Amino acid sequence: MAWNAIHPHAPSTCANTVSSFEKIDFRKLQNGSDIRGVAISGVEGEPINLTEPVTEAIAAAFASWLSDRKNPNESRRLRISVGHDSRISAQTLQDAVSRGISSSGSDVIQYGLASTPAMFNSTLTEDENFLCPVDGAIMITASHLPYNRNGFKFFTNSGGLGKADIKNILERAEIIYGKCTIENLKESAKAASMAIQRVDYMAVYTSDLVQAVRKAAGNVEKPLEGFHIVVDAGNGAGGFFPGKVLEPLGAITTGSQFLEPDGLFPNHIPNPEDKSAMKAITQAVLDNKADLGIIFDTDVDRSAAVDSTGREFNRNRLIALISAIVLEEHPGTTVVTDSVTSDGLTSFIEKKLGGRHHRFKRGYKNVIDEAIRLNSVGEEAHLAIETSGHGALKENRWLDDGAYLMVKLLNKLASARASDSASGSKVLTDLVEGFEEAAIAVELRLKIDQKHANLKGGSFRDYGEAVLKHLENTTSSDPKLQKAPVNHEGLRVSGYGGWFLLRLSLHDPVLPLNIEAPSKEDAVRLGLAVLEAVKEFPALDASALLNLVQVLP
Ligand SMILES: O=P(O)(O)OC[C@H]1O[C@H](O)[C@H](O)[C@@H](O)[C@@H]1O
């Protein structure tokens, strides 16, 4: 279909608009700054809402959004790159995305299996041989979610699109979808076959990573010679890392596992926050007597590591490690993190490393945007990082990149080898010396039943806010508890040598509760303070909390 036929403001030329298309609530596809939906049938209660026509409309909407921002003096057609992770719906959605883009009159450049950070990178690379830079990029991924889901992340050279942009794109997509006909779809298939080009962009991206390590090592060709590093890609898109990054740098990678893309994720959930995933990479390190283990999520924007003794660098401990590296390079700098980070991390960054810990909100885009904002108002910040394993550095143009986070660790290994100052990953373990972790750290996710009468027709957000307000009132009268003086999200309270944070999830009808305490008894005391308040809200499922206070002692 021609671009004007699908432009949101163009009148529909289709007399026979396809009424048989499923009615889709496009707003429900928004997940913060991403789009997420169900692409594969078969899971009870989860009907498909990311169909091919829906996908086509979303891609066309992104192209039209991009075109509205295009420099009017630029005459060349817009170029949009498309990549995907290992999901079983990837190919079908890639085809539909490509049709949507080409129907809007833009060029499609397919990368095939790719990582999310590579897609952003393609908007920055200056290399006409690879048709770069592209004007926009679409990554087809649903990160670590189950096999039946899929979704999209969008990038321009300013970074990932924010919530308001995604809302705008979905509004445009809904209009496009409403005007779509079978005839349009046939035409767009024809247009796509002419506008698609394929490029091995991952070769550029991986070579950038290799060059970054070589450069940091003083232009040594194989700075990781002698190191044994195992990688667990969880059957996602990160299988390139051993062969395309570590081996060219001289590392041995035998024992790396789950490198083959498999969208059914048969081994474990590709998620460094998942306990079984961390157990798998830890075991691989120990079995292979490796110096270091590296694990990625499905689309490689998140990562974690394991040292040669099997000790994990994930969540707060990964932030402590990367902070130590960044603060060596930029003394006194500010580290921006998400809201669920520990008190131990603050004291490590501020007392041991001499930096400032700016604990902000959950959400990788939130922490990146906050770090950029701080720099713009004169506060130097070089690192924005979440406990989820998302992390971005100023030196890497704030690219949210799990692979680049690992590059920072590789640089450290390489420099220790060059100066003969340490063996294995001891140089990394030494960097977090003095970082204290709470004996008990739990996260519970308390669900709000949106159909419950107690919501009285209101939204789950309003209900969640009411829970938080009530908790604030009840805890303020308890002398053993103190509300955190600065807190950007939810309610964070200290007491009994620990703390808790109750907040609204960014996307779900859920109140996540984090508790950290020096002992089980103290964790129970903190849990009871929360339970006391939340039990007055029958639509909130507090059974996990009830369980915790009964089971912990
Ligand atoms: O608020 P929650 O439900 O805990 O989810 C928070 C998470 O949402 C998404 O997955 C984002 O990509 C993460 O950056 C964020 O940490």
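All residue numbers refer to position in the chain's written sequence, counted from 1. The predicted origin of the model limits local features to residues at a pLDDT of at least 70 and limits the giving and counting of side-chain atom pairs to 80 or more, whereas totals for whole chains, interfaces and linings rest on all residues.

Novice: In this structure, what is going on with unusual backbone geometry? I would like to understand it.
Specialist: The omega torsion of the bond from Cys132 to Pro133 falls at 0°, within 30 degrees of zero and hence cis. Numbering of helices and strands starts at the N terminus; helices are DSSP runs of H or I of at least 4 residues and strands are runs of E of at least 2. Mapped onto the elements of the fold, Pro133 is located in the loop between helix H4 (116-121) and strand S5 (136-140). Even without glycine at this site, Ser143 takes up a positive phi of about 50°. On the secondary structure map, Ser143 appears in the loop between S5 and strand S6 (149-156). Exposed residues have 12 or fewer other C-beta atoms within 10 Å of their own C-beta, buried residues have 20 or more, and residues in between are partly exposed; the C-beta atoms are placed from the backbone. The buried category is assigned to Ser143, around which 22 C-beta atoms lie within 10 Å.

Novice: Can you help me understand the domain arrangement of the protein chain in this one?
Specialist: You'll often see interface size given as the accessible area lost when the parts meet. Along its sequence, the protein chain is carved into domain 1 (3-199), domain 2 (205-431) and domain 3 (440-551). Boundaries of every domain are those given by an automatic assignment or by a domain database. Measuring from the centre of the C-alpha atoms in domain 1 to the corresponding centre in domain 3 gives 38 Å.

Novice: Looking at this model, I keep getting lost on the UniProt feature "domain: Alpha-D-phosphohexomutase alpha/beta/alpha" (unreviewed entry) in the protein chain. Mind explaining?
Specialist: UniProt positions are given in the numbering used here, feature names are shortened, and annotations may be inferred rather than shown by experiment. In the UniProt entry, the feature "domain: Alpha-D-phosphohexomutase alpha/beta/alpha" (unreviewed entry) is given for residues 29-171, 205-310 and 315-417. Summarising residues 205-310: 31% helix, 13% strand, and an end-to-end C-alpha distance of 30 Å. Structurally, residues 315-417 comprises 52% helix and 16% strand, and the distance from its first C-alpha atom to its last is 27 Å.

Novice: What exactly am I supposed to notice about the sheet that holds strand S13 (residues 334-337) here?
Specialist: Consider a sheet: its strands pair through backbone hydrogen bonds, and that pairing is either parallel or antiparallel. Strand pairing is assigned whenever DSSP identifies at least 2 bridges connecting the two strands. Reading across the sheet, the four strands line up as S14-S13-S15-S16 and stay open at both edges, with mixed pairing between neighbours. Bordering the open sheet on either side are strand S14 (356-359) and strand S16 (391-393), each of which pairs with just one other strand. Direction aside, neighbouring strands of the sheet carry axes that sit 20° apart on average. Sheet topology note: the S13/strand S15 (residues 381-385) ladder contains four bridges and is parallel. Within S15, the position partnered with Val336 by the bridge is Ala384. Those strands touched by helix H11 (residues 343-352) are S13 and S14, and its axis lies near 145° from that of S14. The strands touched by helix H12 (residues 364-376) are S13, S14, S15 and S16; relative to S15, the strand with the most contacts, the crossing angle is about 165°. A fitted line through C-alpha atoms serves as each axis, taken over the contacting stretch for helices, and the angle formed by two N-to-C directions is quoted from 0 to 180°. Here, residue contact means that the backbone-derived C-beta atoms of the two residues sit within 7 Å.

Novice: I would appreciate a short explanation of the packing of helix H3 (residues 90-103) against helix H6 (residues 182-195) in the present structure.
Specialist: Helix-helix packing: each pair is described by the crossing angle between the helix axes and the interaxial distance. The interhelical angle for the contact between H3 and H6, taken along N-to-C directions, is 90°, at an axis separation of 8 Å. Classed by the angle they form, the pair H3 and H6 counts as roughly perpendicular. Taking contact as the criterion, the partners of Ser98, Arg99, Ser102 and Ser103 in H3 are, on H6, Ser188, Ala189, Ala191, Ala192 and Ala195. Polar here means any residue other than Ala, Val, Leu, Ile, Met, Phe, Trp, Tyr, Cys and Pro, which are nonpolar, and Asp, Glu, Lys and Arg, which are charged; Gly is therefore polar. The residue inventory of the contact of H3 with H6, partitioned by class, reads four nonpolar, four polar and one charged. Should an angle lie under 35 degrees it is considered roughly parallel, over 145 roughly antiparallel, and from 65 to 115 roughly perpendicular; all remaining angles are considered oblique.

Novice: Explanation requested: the environment of Glu260 in the structure shown.
Specialist: Among the structural elements, Glu260 can be located in the loop between helix H8 (240-246) and helix H9 (275-288). Those residues within four positions of Glu260 in sequence are excluded, and the remaining contacts are Asn235 and Gly239.

Novice: How do you make sense of the site of the ligand when you look at a structure like this?
Specialist: Close to the ligand lie Arg362, Gly363, Tyr364, Glu386, Ser388, His390, Ser505, Leu506, His507, Asp508 and Pro512. Taken together, the residues that form the shell around the ligand break down as three nonpolar, five polar and three charged. Residues from two domains meet in the shell around the ligand; each of domain 2 (205-431) and domain 3 (440-551) gives at least three. Only the C-beta atom matters for nearness: placed from the backbone, it must lie within 6 Å of the molecule or strand for the residue to count as near.

Novice: Mind showing me how you'd approach the nonpolar core here?
Specialist: Side chains of nonpolar character tend, in soluble globular proteins, to be buried together. One finds Ile58, Phe62 and Ile138 to be the most contacted residues of the largest nonpolar core, which totals 123 residues. No other element matches helix H2 (residues 52-68), which puts 10 residues into this core. Lining this core are residues from two domains, each supplying at least three of them: domain 1 (3-199) and domain 2 (205-431). Those residues in contact with Phe62 that sit more than four places away from it in its chain are Gly136, Ile138, Phe154 and Ile169. Definition of nonpolar core: a set of buried Ala, Val, Leu, Ile, Met, Phe, Trp, Tyr and Cys residues joined via C-beta atoms within 7 Å. One finds Val467, Leu471, Ile515 and Val530 within the second-largest nonpolar core, a separate group that totals 32 residues.

Novice: Looking at this structure, I do not really get the confidence of the model for the protein chain. What am I missing?
Specialist: Keep in mind that low pLDDT regions are not for reading the predicted coordinates in detail. Averaged over the protein chain, the pLDDT score is 93; the fraction of residues at 70 or greater is 95%. You can read pLDDT as the predictor saying how much it trusts each residue, on a scale of 0 to 100. In the model, residues 1-19 has pLDDT below 50 throughout and makes 34 contacts with residues more than four positions away in sequence or in other chains.

Novice: For this particular structure, what's the right way to read the sheet that holds strand S18 (residues 482-483)?
Specialist: Pairing is antiparallel in the open sheet, where five strands are placed in the order S17-S21-S20-S19-S18. The open sheet has two free edges, formed respectively by strand S17 (440-447) and S18, since each of these has just one partner strand. Sheet analysis places S18 next to strand S19 (residues 491-495), joined by two bridges and oriented antiparallel. Opposite Lys483, over in S19, you have Val493 as the bridge partner. Against the sheet, helix H15 (residues 460-476) touches S18, S19, strand S20 (498-502) and strand S21 (510-517), its axis set at about 25° to S19. Across the sheet, helix H16 (residues 520-534) is in contact with S17, S19, S20 and S21; its angle to S21 comes to roughly 150°.

Novice: Where do I start with the environment of Leu145 in this structure?
Specialist: With respect to the helices, strands and loops of the structure, Leu145 is situated in the loop between S5 and S6. Leu145 gets classed as partly exposed once you count the C-beta atoms within 10 Å, which come to 18. When the C-alpha positions of Leu145 and Pro479 are compared, they lie 42 Å apart, and in sequence the two are 334 residues distant.

Novice: Help me understand the pairing of S6 in this model?
Specialist: A regular strand places its side chains so that they alternate between the two faces of the sheet. With respect to burial, S6 is a largely interior element, seven of its eight residues being buried. Two strands pair when backbone bridges link them, and strand S2 (residues 34-38) and S6 are joined in this way by four bridges, in the antiparallel orientation. Pairing of Val38 across the sheet is with Arg149, part of S6. Both S5 and S6 contribute to a ladder of four bridges, which runs antiparallel. Looking at S6, one finds that Ile140 is bridged to Phe152. Both S6 and strand S7 (residues 159-160) contribute to a ladder of two bridges, which runs antiparallel. Bridging across to S7, Phe155 finds its partner in Gly160.

Novice: Can you walk me through the environment of Gly344 in this structure?
Specialist: Following the sequence through the fold, Gly344 ends up in helix H11. Residue Gly344 is classed as partly exposed on the basis of its 18 C-beta neighbours within 10 Å. Here the alpha-carbon distance between Gly344 and Val427, two residues 83 residues apart in the chain, equals 21 Å. Each residue touching Gly344, except ones within four places of it in the same chain, is listed here: Asn316, Phe435, Glu436, Glu437 and Ala438.

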